[in-house]
Amino acid sequence: MSRSFLDLLYDEAPRSQYDELLASGTAAASSDAERERLRADHDTALRLRELISRQRSREAELSALYETASDLTAIRDVDAILAAIVRRARQLLRADMTYLSLNDELDGASYMKVTDGALTPEFRRLRLPLGTGLLGLVAQTGAPYFTEDYQADERFVHRNYIDEAVEGERIRAILGVPLVLEGRVIGALLAVHRTVRKFPPSEVSLLTSFAAHASVALENARLFAELDAANRNLTEHTRAVEAAATAHDRLTDLLLHGGGTDEIALVLGDLLHGRVAVLDPSGDRVAGDPRVATWPEAVEESVASGHCVPTPGGYVAAALAGSEHVSTVVLEGPPLPSAEQRTLERGALVTALVVLLARTVAEAEERIGGELLRDLLSPTPHDPVLVRERARRHGAQLDGPLTVAVAGPADGGRQVTARAAARLADSLHGVAGEHEGTVVLVVPDGDARAVGDQLAAAVTRAGSSATVGVAGPAPAAQVAATYAEARGCLETLLTLGRVGEVTDPAGLGVARLLLGANGPAQLAEFVERELGAVSAYDDQRGTSLVATLDAWFASGGSLKDTAAALHVHPNTVTQRLDRVTGLLGDNWRDPQRALDLQLALRVARLQA
């Protein structure tokens, strides 16, 4: 089958495509067992599809509630809060219209305060005596009510002007929940549909929870308004509170969206009106403004106290994880009130979380990559389908030809090299990790030397160095052999003392045969790499290019002596050598390449 049930799940395909895939797979199956397995996979996929659908629905609900909570905490204007409540409620239940009423206890009625989706002005001005209609009943009793078809439902007290307004809006199904605060009903929140439908318990529960949240937010908004009016002298304190809330929101948003230490430095600098740098435990700057001083003594004091410490130019705050000093946030700027000092400390806490998260992710990726590499490169066969599936979950594409790079890190640079390789593996859709004392990178296809150069450059950018041997690309089934070849290149470089270089088997030439652990297979591979293109041409065309090349070297590069040895005209020798150049490249006469070719010709003669 060209597609699988997993593909359909990933593409969010409709149910019909699952059935079509089952039908086509069953028709093509060669045994009852295979058909039974397909049916089981089909059932499992459908269950997963349903589970994913429910999960996404729940995620959408939680997202809407979270966004609503964010709006309600940020908005202080009562009318704006009410509009946000109604708008979010309509979004949450996908209703045709939502509206919110507030109780007028003196008048004994509940009146429309905000509507969203109303068609007529009469409905927006509607005022219901408590106990009449569904809204009035909810507002009076404090209990949720719903009806599939309001006009036909005799449970409610109907009034002509109410029914006319409902008819003008073409309302059929209504769900209403009370707004309750400390046991007192202050209004109702309603969602309506212009078609007959039921309201499942989940919608009732969801809107009830939303209304409870909204009730508290309404009361908070009222209290904020009263507080602002009665406490003008606390304006500066209010500003500090709002600044702290803003700082909390921005830092929380940064943390939730995967921001790093550079983003933390920018946010804190903007919030606290100064220059910010982030230091590692050794005092080296890892992010932020390079002009900021480090103040080591103040850092030690902050580590000991767990609070920010003033300096002649600003403040420092140690980022701690338990008793471990993870990093330090340094601020250069004006003196800070206590509330903003707490903001700096919260910034240090967020920095510690970011650093620890990055460390945990890196360690997990290294561990997973190492385990996958062990299975991939093990001489003991593993299930290739299982290994490829694990690789896909890891973000690697290991189905086609693979290139392998094996790095020997400089002293003390193993961890740096491993992390640089892991980052490069992510960008190239490969896998990397430590294996048998080296750092190994396996990537799909690609030019082996280019991959090796990229790895060496990545390690250098990370502050270390590595010697790299590369091989491939070769079929995925031969990845263990490709690894052995790349490792042999690394060991040859180290034996030659060529530390920090990158090479593939072709770059080593004779040195690999002399210094490596070689046998007949390696000799045959060497001959094929050096002479394969020329030999293949001879076999296909019936020419004598290999013999001409051998005679040319034997004659010391003399056209006349070569022609005499082969009993041909010198022009013929020239034409044959031109063909060799087309097959091997312009550099085949260079001393190092010529030595490799002569050795390959000698080995070929000995093997023959």
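Residues numbered from 1 in each chain as written. Predicted model: local features only at pLDDT ≥ 70, side-chain atom pairs only at ≥ 80, totals over all residues. Heavy atoms only, no water.

In terms of regular secondary structure, the chain is built from 23 helices and 16 strands. Contacts spanning at least 24 positions in sequence make up 57% of the contacts within the chain whose residues lie at least 6 apart. Of the roughly 31400 Å² of accessible surface on the chain, a fraction of 53% belongs to carbon and sulfur atoms. (Helix = DSSP H or I, 4+ residues; strand = E, 2+ residues; numbered from the N terminus. Contact = heavy atoms within 4.5 Å. Areas by Shrake-Rupley, 256 points an atom, 1.4 Å probe, with all protein chains shown as cover.)

This part takes up the sheet that holds strand β5 (residues 173-181). Read across the sheet, six strands follow the order β3-β2-β1-β6-β5-β4 without closing on themselves; strand pairing throughout is antiparallel. Each having just a single partner strand, β3 (127-129) and β4 (145-147) make up the two edges of the open sheet. On average, adjacent strands in this sheet sit at an angle of 25° to one another, irrespective of strand direction. Pairing between β5 and strand β6 (residues 184-193): nine bridges, direction antiparallel. Residue pairing for β6: Pro 178 is matched across the bridge by Ala 188. Packing against the sheet, helix α6 (residues 133-141) makes contact with β1 (97-104), β2 (109-116), β3, β4, β5 and β6, and its axis sits at approximately 165° to β4. Here helix α8 (residues 201-230) sits on the sheet and contacts β4, β5 and β6; the angle it forms with β5, its principal contact strand, is near 40°. (Pairing = 2+ DSSP bridges. Axes fitted to C-alpha atoms, helices over the stretch in contact; angles between N-to-C directions.)

Among the nine residues that make up strand β15 (residues 466-474), seven are buried, leaving the element largely enclosed by the rest of the structure. As paired strands, strand β12 (residues 402-409) and β15 are joined by seven bridges and run antiparallel to one another. Looking at β15, one finds that Val 406 is bridged to Gly 469. Relative to strand β16 (residues 502-503), β15 is paired through two bridges, and the arrangement is parallel. Within the sheet, the bridge partner assigned to Gly 469 lies in β16 and is Thr 503. (Buried < 20%, exposed > 50% of the residue type's maximum accessible area, 1.4 Å probe, protein only.)

This paragraph deals with the sheet that holds strand β13 (residues 431-435). Pairing is mixed in the open sheet, where five strands are placed in the order β13-β14-β12-β15-β16. At either margin of the open sheet sits one strand with a lone partner, and together these are β13 and β16. Contacting β12, β13, β14 (438-444) and β15, helix α14 (residues 414-428) crosses the sheet at an angle of about 5° to β14. Strands β12, β14, β15 and β16 of the sheet are contacted by helix α15 (residues 448-461), whose axis makes an angle of about 150° with β15.

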